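# Topology and contacts: notes
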Protein chains: 2
Amino acid sequence: MYKISDAARRAALTVKTVRYYADIGLVKPAGRSAAGYRLYAESDIAKLGFIGRARRYSFSIEQCRDLLSLYEDDQRPSAEVKRITLEKIAEIDRKLGELQELRDELRHLAGNCHGDSRPDCPIIGNLASGLTVQ
Amino acid sequence: MYKISDAARRAALTVKTVRYYADIGLVKPAGRSAAGYRLYAESDIAKLGFIGRARRYSFSIEQCRDLLSLYEDDQRPSAEVKRITLEKIAEIDRKLGELQELRDELRHLAGNCHGDSRPDCPIIGNLASGLTVQ
DNA sequence: ATCTAACCTTCTTTTTACAGGAAGGTTAGG
DNA sequence: CCTAACCTTCCTGTAAAAAGAAGGTTAGAT
């Protein structure tokens, strides 16, 4: 059984984060010491690591909660896991499209800005007038 | 002079958002009616629209505050505006790279998942073991 | 004149996923 | 026995609003 800082280190999370996950009931410690310290078992650390990776894949806490229940369920249907993952991919694709548009617009604006100390700036002008770029 | 809902509509923002911008001192209404209603002038609406567009370009509120002061300043040096914009572009590029990596990893995982009711799922397996996806 | 719907106000709470810090108890080593 | 490094709970703060409660105002229709 590991105290919180060992558990955090082994799961590559911060102590604050691990304590937070305990508070919201995502990963509760296996037990407590006589002094009230959280004690984590190996299986808890595996769950924390699982969540850490899923979070890095930008799954939300609630999605992690769903994935974790599938992870803990021996009877888990992979269809459900695949569905959640495909949803996440679609979400990322949408965000990618938006960001690319945004970047291209800003590039265009910056490309037309002489960047000296003259007071007329096409970036400001565009924002002020709401003209469509391009 | 426009009441808040007219101002919001004309700037393509919500009433809540306009009131919020007034609260944080970003765009204060030109005046108040006898009953205490916020009253916005044309120039206020131009500023609100300016901020709305900048926000859609993912400038933070604080960056908007900076841009607005440049916008309001006849002596504004466009170099400063260009610098902020280029910074924003670099930031978006970083985020794009991260998101593409992430999506490719998830695609790989989903591609290897049979997606039926069998309990062995490579997505779960990957998250559980922390194996690197290539 | 009154009714009612649609406004408006301020204030408080909620959201996401923690981070930071205060005040105080515990433990391990020298 | 001292001290440093742990640990605890509780409170506040973050970004940028959204949502809702409780109540005042206004404009048009009856």
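Throughout, residues of each chain are indexed from 1 in the direction in which the sequence is written. As a convention, the first chain written is A and the first ligand written is 1, with the rest following in written order. A pLDDT threshold of at least 70 governs which residues receive local features in this predicted model, and a stricter bar of 80 or more applies before side-chain atom pairs are shown or counted, although totals over entire chains, interfaces and linings include all residues. Side-chain measures here rest on the full set of heavy atoms in the structure, leaving out hydrogens and waters.

## Comments concerning the protein's contact with DNA strand C
For this description, a residue counts as near a given molecule or strand if any of its non-hydrogen atoms is within 4 Å of it. If you check the shell around DNA strand C, you find 18 residues, and the closest are Lys16(A), Tyr21(A), Ser5(B), Arg19(B) and Arg38(B). Counting only the atoms of DNA strand C that lie within 4 Å of the protein, the sugar and phosphate share comes to 71%. Polar contact criterion, stated in full: a pair of N or O atoms within 3.5 Å, where within protein one must be able to donate a hydrogen and the other to accept it, and residues adjacent in sequence count only if both atoms are side-chain atoms. Measuring from a base nitrogen of DNA strand C, one finds a side-chain N or O atom of Tyr37(A) at 2.9 Å. Between Arg19(B) and DNA strand C, the recorded distance is 2.7 Å, taken from a side-chain N or O atom to a phosphate oxygen. Mapped by element, the contributors of at least two residues to the surface near DNA strand C are α2 (15-23) of chain A together with α1 (4-11) of chain B. Labels follow the DSSP assignment, with helices taken as runs of H or I lasting at least four residues and strands as runs of E lasting at least two, numbered in each case from the N terminus.

## With respect to the packing of helix α1 (residues 4-11) of chain A against helix α3 (residues 42-56) of chain A
All names here are of chain A. Helix axes use the C-alpha atoms of the stretch in contact, all axes being lines fitted to C-alpha atoms, and the angles between their N-to-C directions lie in the range 0 to 180 degrees. For the pair α1 and α3, the least separation of the axes is 9 Å and the interaxial angle reads 45°. In terms of their interaxial angle, α1 and α3 are classed as oblique. Here α1 and α3 pass one another in a crossing that is right-handed. The residues of α3 that touch α1, namely those facing Ala7, Arg10 and Ala11, are Glu42, Ile45, Leu48, Gly49 and Arg56. Looking at the contact of α1 with α3, its residues break down into four nonpolar, one polar and three charged. For this classification, under 35 degrees means roughly parallel, over 145 means roughly antiparallel, 65 to 115 means roughly perpendicular, and everything else is oblique. Here a crossing is taken to be left-handed if its near helix is turned anticlockwise relative to the far helix by less than a right angle, and right-handed if that turn runs clockwise. The contact criterion used throughout is that any non-hydrogen atoms of two residues lie within 4.5 Å. Amino acids outside the nonpolar list (Ala, Val, Leu, Ile, Met, Phe, Trp, Tyr, Cys, Pro) and the charged list (Asp, Glu, Lys, Arg) are all regarded as polar, and Gly is one of them.

## A word on the sheet that holds strand β2 (residues 31-32) of chain A
All names here are of chain A. Pairing between strands requires that DSSP locate at least two bridges from one strand to the other. Across the sheet, which stays open at both edges, the three strands sit in the order β1-β3-β2 with antiparallel pairing between neighbours. A single partner strand is all that each edge strand has here, and the edge strands are β1 (2-3) and β2. Across two bridges, β1 lies against strand β3 (residues 38-40) in antiparallel orientation. Across the sheet, residue Lys3 finds its bridge partner in β3, namely Leu39. Relative to β3, α3 is tilted by about 85°, and along the sheet it contacts β1 and β3.

## Thoughts on the protein's contact with DNA strand D
Taken together, 18 residues are adjacent to DNA strand D, and Ser5(A), Arg19(A), Arg38(A), Lys16(B) and Tyr21(B) come closest. Restricting attention to atoms of DNA strand D within 4 Å of the protein, one finds that 71% of them are sugar or phosphate atoms. With respect to DNA strand D, the side chain of Arg19(A) contributes an N or O atom lying 2.7 Å from a phosphate oxygen. A distance of 3.0 Å is found between a phosphate oxygen of DNA strand D and a side-chain nitrogen or oxygen belonging to Thr14(B).

## Some remarks on the environment of Leu67(B)
Structurally, Leu67(B) is set in helix α4 (residues 61-72). Accessible area is worked out with a 1.4 Å probe on protein chains only. A residue is then buried under 20% of its type maximum, exposed over 50%, and partly exposed in between. What makes Leu67(B) buried here is its relative accessible area of 0%.

## Some words on the packing of aromatic side chains
The geometry of two aromatic rings is summed up by the distance between their centres and the angle between their planes. Two rings belonging to Phe, Tyr or Trp (six-membered ring only in the last case) form a pair when the distance between their centres is within 6.5 Å. Interplanar angles under 30 degrees mark stacking, angles over 60 mark edge-to-face geometry, and anything in between is tilted. The tally for this structure, following the rule as stated, stands at two aromatic pairs over all chains. With a centroid separation of 6.0 Å and an interplanar angle of 50°, the aromatic rings of Tyr20(B) and Tyr21(B) are classed as tilted. A ring is considered to have a charge above it if a Lys NZ or an Arg CZ atom is located within 6 Å of its centre and within 35 degrees of its normal. It is Arg10(A) that lies over the ring of Tyr2(A); its NZ or CZ is 4.7 Å from the centre.

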